[in-house]
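# Notes for the structure review
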Amino acid sequence: MRESELDVEDVPQAAATGEVPETARIDDLLAAAHDRARVHTEGTVADYIPILAEADPEAFGVCVADVDGGLHEVGQTRRTFSIQSISKAFVYALVCGQLGHQEVFDTVGVNNTGLPFNSVIAVELNDGHPMNPMVNAGAIATTALVPGATATERWEFIRAGLSRFAGRDLTIDDEVYRSEMATNGRNTAIAELLASYGRIRSDPDEAVDIYTRQCAVSIDARDLAVMGATLADGGVNPVTGVRVVSATVCRDTLAVLAASGLYERSGEWLFEIGLPGKSGVSGGLVTVAPGKVGIGAYAPRLDSAGNSVRGQIATAYLSRALGLNIFASAPHTNQENPG
Ligand code: GLU
């Protein structure tokens with residue numbers, strides 16, 4: 001989305017100084033971000049997975065979790081939805097933690113394909129290399145790398161890992177899982193294609209099944225904020241104090257999100273918001289300001305690439321007003337903000 005569509009042309013960009021404002025100021029700015037985004041009704045709710053079409057288009061919540069463990073919430077932050085594609089970011093981090101920087105780089109890749117999330121042609125164009133762990137081919141290949149002796153153990157590795165990121169026990173929404181399994185032709189085709197190139201390590205049907213389960217995990221905007229804050233905090237969940245992944249894994253994961261987190265709009269997002277983020281087709285959006293905060297948003301109306309419209313608008317406002325954009329500096333000899 002462009003600056004004008006994001007509704008932030010009049011919001012001065014505060015420099016990323018290394019400090020976030022005090023709690024009361026965050027609460028005020030969060031309320032302003034919510035008010036600003038709520039009036040936007042552009043976009044449509046995803047319906048290619050039948051159950052997603054039942055989402056309330058007006059549902060909208062935003063939560064900011066800071067690295068001290070503080071939570072700031074506005075709107076429907078406890079409304080649950082399926083995590084969908086956002087799981088890709090956190091499963092990628094968990095798998096990086098097991099296999100290490102180089103192996104995940106070589107096996108899955110770190111580049112944006114520039115093609116839609118469920119593209120088959122992207123696999124063909126790259127000799128079967130998935131390239132991008134934030135689209136379905138790369139995510140299925142990543143899930144196929146999960147350690148464990150059985151499918152049950154491999155699934156539990158993911159479920160338990162996502163739960164540590166959120167700081168609470170997460171479970172699957174069975175209705176979502178069944179609805180997606182019944183309409184999963186493209187993902188099955190992608191997994192078979194990857195297998196035909198020798199690019200997938202486990203049985204392709206099992207990889208699709210586990211990938212579909214991870215997408216059906218039920219979360220809310222507050223969970224997303226805490227998960228994001230864990231990536232912002234060098235891998236330690238700031239609410240529970242539990243280390244989930246290493247600081248190196250956070251760094252690597254955030255670099256991948258910066259390149260590919262918002263589908264084929266990732267460049268636009270980085271240009272306007274200046275932060276790593278990941279969106280999903282159910283309307284969730286997680287954004288990470290390293291060393292500062294995680295932002296979780298839920299609003300199911302999507303732009304044509306599959307990104308939450310209200311989520312992007314609210315996050316764009318917060319990025320400017322809270323001084324989160326990692327590219328925004330001010331001369332160190334002059335403390336004035338450039339505006
Ligand atoms: N489970 C969805 C799919 O595989 C996730 C898509 C998304 O959120 O990008 O189609």
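What comes next concerns the included structure. The structure presented is a predicted model; accordingly, all values stated were derived computationally and were not measured.

## What about the overall build of the chain?
Looking only at helices and strands, the chain features 14 helices and nine strands. In terms of overall dimensions, the chain is globule-like: its C-alpha atoms have a radius of gyration of 19 Å, near the 20 Å expected for 339 residues. Across the 339 residues in the chain, those meeting the buried criterion constitute 58%. Considering only contacts in the chain between residues 6 or more positions apart, those separated by 24 or more positions represent 71%. Here the chain displays about 12900 Å² of accessible surface, and carbon together with sulfur accounts for 50% of that area. Of the side chains in the chain, 25 bear a positive and 43 a negative charge, and the two mean positions are spaced by 1 Å.

## Quick word on the packing of helix 3 (residues 86–99) against helix 12 (residues 247–260)
Put simply, helix 3 and helix 12 touch, their axes get as near as 9 Å, and they point 140° apart. In terms of orientation, helix 3 lies oblique with respect to helix 12. For the pair helix 3 and helix 12, the sense of crossing is right-handed. Across the interface between the two elements, Ala89, Tyr92, Ala93, Cys96 and Gly97 from helix 3 touch Val249, Asp252, Thr253, Val256 and Leu257 from helix 12. Residues belonging to the contact of helix 3 with helix 12 are distributed by class as follows: seven nonpolar, two polar and one charged.

## Overview of the packing of helix 9 (residues 185–196) against helix 10 (residues 204–215)
For the pair helix 9 and helix 10, the least separation of the axes is 9 Å and the interaxial angle reads 140°. The angle between helix 9 and helix 10 falls in the class oblique. Once helix 9 is placed against helix 10, the crossing between them reads as right-handed. In this structure, helix 9 uses Asn187, Thr188, Ala191, Glu192 and Ala195 to contact helix 10, whose residues at the interface are Pro204, Asp205, Val208 and Tyr211.

## Concerning the pattern of salt bridges
Counted according to the given criterion, the structure contains 17 salt bridges. Between arginine 78 and glutamate 73 there is a salt bridge, with the nearest N and O atoms lying 2.7 Å from each other. Judged by relative accessible area, arginine 78 falls into the partly exposed class, the value being 47%. Note that aspartate 303 and arginine 265 form a salt bridge whose closest N and O atoms lie 3.2 Å from each other. Separated by 38 residues along the polypeptide, aspartate 303 in the loop between strand 9 (301–302) and helix 14 (309–321) and arginine 265 in the loop between helix 12 and helix 13 (266–272) bring together distant segments of the chain. Summarising the burial analysis for this pair, aspartate 303 and arginine 265 share the class buried. Residues joined by salt bridges that share partners form a network here, namely Asp7, Asp10 and Arg36.

## Quick look at the site of the ligand
For the ligand, the set of nearby residues contains 13 residues, the closest of which are Tyr48, Gln84, Ser85, Glu180 and Tyr263. Within the contact set of the ligand, an oxygen atom lies 2.8 Å away from a side-chain nitrogen or oxygen of tyrosine 211. Partitioned by chemical class, the residues of the shell around the ligand number six nonpolar, five polar and two charged.

## So, the pairing of strand 3 (residues 71–75)
As judged from the five bridges shared by strand 2 (residues 61–66) and strand 3, these two strands associate in the antiparallel manner. Directly across from valine 64, in strand 3, lies its bridge partner histidine 72.

## Overview of helix 7 (residues 151–166)
Counted at 1.5 Å a residue, the expected span for helix 7 with its 16 residues is 22 Å, and the 23 Å between its end C-alpha atoms agrees. Within helix 7, the full set of buried residues consists of Arg154, Trp155, Phe157, Ile158, Arg159, Ala160, Gly161, Leu162, Ser163, Phe165 and Ala166. Residues of helix 7 that are buried sit in contact with helix 3, helix 6 (136–143), helix 10 and helix 11 (221–232). Glycine 167 sits one or two positions beyond helix 7 and adopts a positive phi of about 80°.

## Comments concerning the sheet that holds strand 7 (residues 284–289)
The five strands are arranged 3-2-8-7-6 in an open sheet whose pairing can be described as antiparallel. Sheet topology places strand 3 and strand 6 (277–279) at the edges, where each strand pairs with a single neighbour. Taking the axes of each pair of neighbouring strands and ignoring which way they run, one obtains an average angle of 10° across the sheet. Sheet contacts for helix 2 (residues 23–38): strand 2 and strand 3; angle to strand 3, the most-contacted strand, approximately 25°.

Definitions and cut-offs
- Residues numbered from 1 in each chain as written.
- Predicted model: local features only at pLDDT ≥ 70, side-chain atom pairs only at ≥ 80, totals over all residues.
- Heavy atoms only, no water.
- Helix = DSSP H or I, 4+ residues; strand = E, 2+ residues; numbered from the N terminus.
- Rg over C-alpha atoms; globule rule 2.2 N^0.38 Å.
- Buried < 20%, exposed > 50% of the residue type's maximum accessible area, 1.4 Å probe, protein only.
- Contact = heavy atoms within 4.5 Å.
- Areas by Shrake-Rupley, 256 points an atom, 1.4 Å probe, with all protein chains shown as cover.
- Lys, Arg positive; Asp, Glu negative; His and termini not counted.
- Charge placed at Lys NZ, Arg CZ, Asp CG, Glu CD.
- Axes fitted to C-alpha atoms, helices over the stretch in contact; angles between N-to-C directions.
- Parallel < 35°, antiparallel > 145°, perpendicular 65-115°, else oblique.
- Left-handed = near helix turned anticlockwise from the far one by under 90°.
- Nonpolar A, V, L, I, M, F, W, Y, C, P; charged D, E, K, R; others polar.
- Salt bridge = Lys/Arg side-chain N within 4 Å of Asp/Glu carboxyl O.
- Near = heavy atom within 4 Å.
- Polar contact = N/O pair within 3.5 Å; in protein donor to acceptor, adjacent residues only side chain to side chain.
- Pairing = 2+ DSSP bridges.
- Expected span 1.5 Å × (residues − 1).

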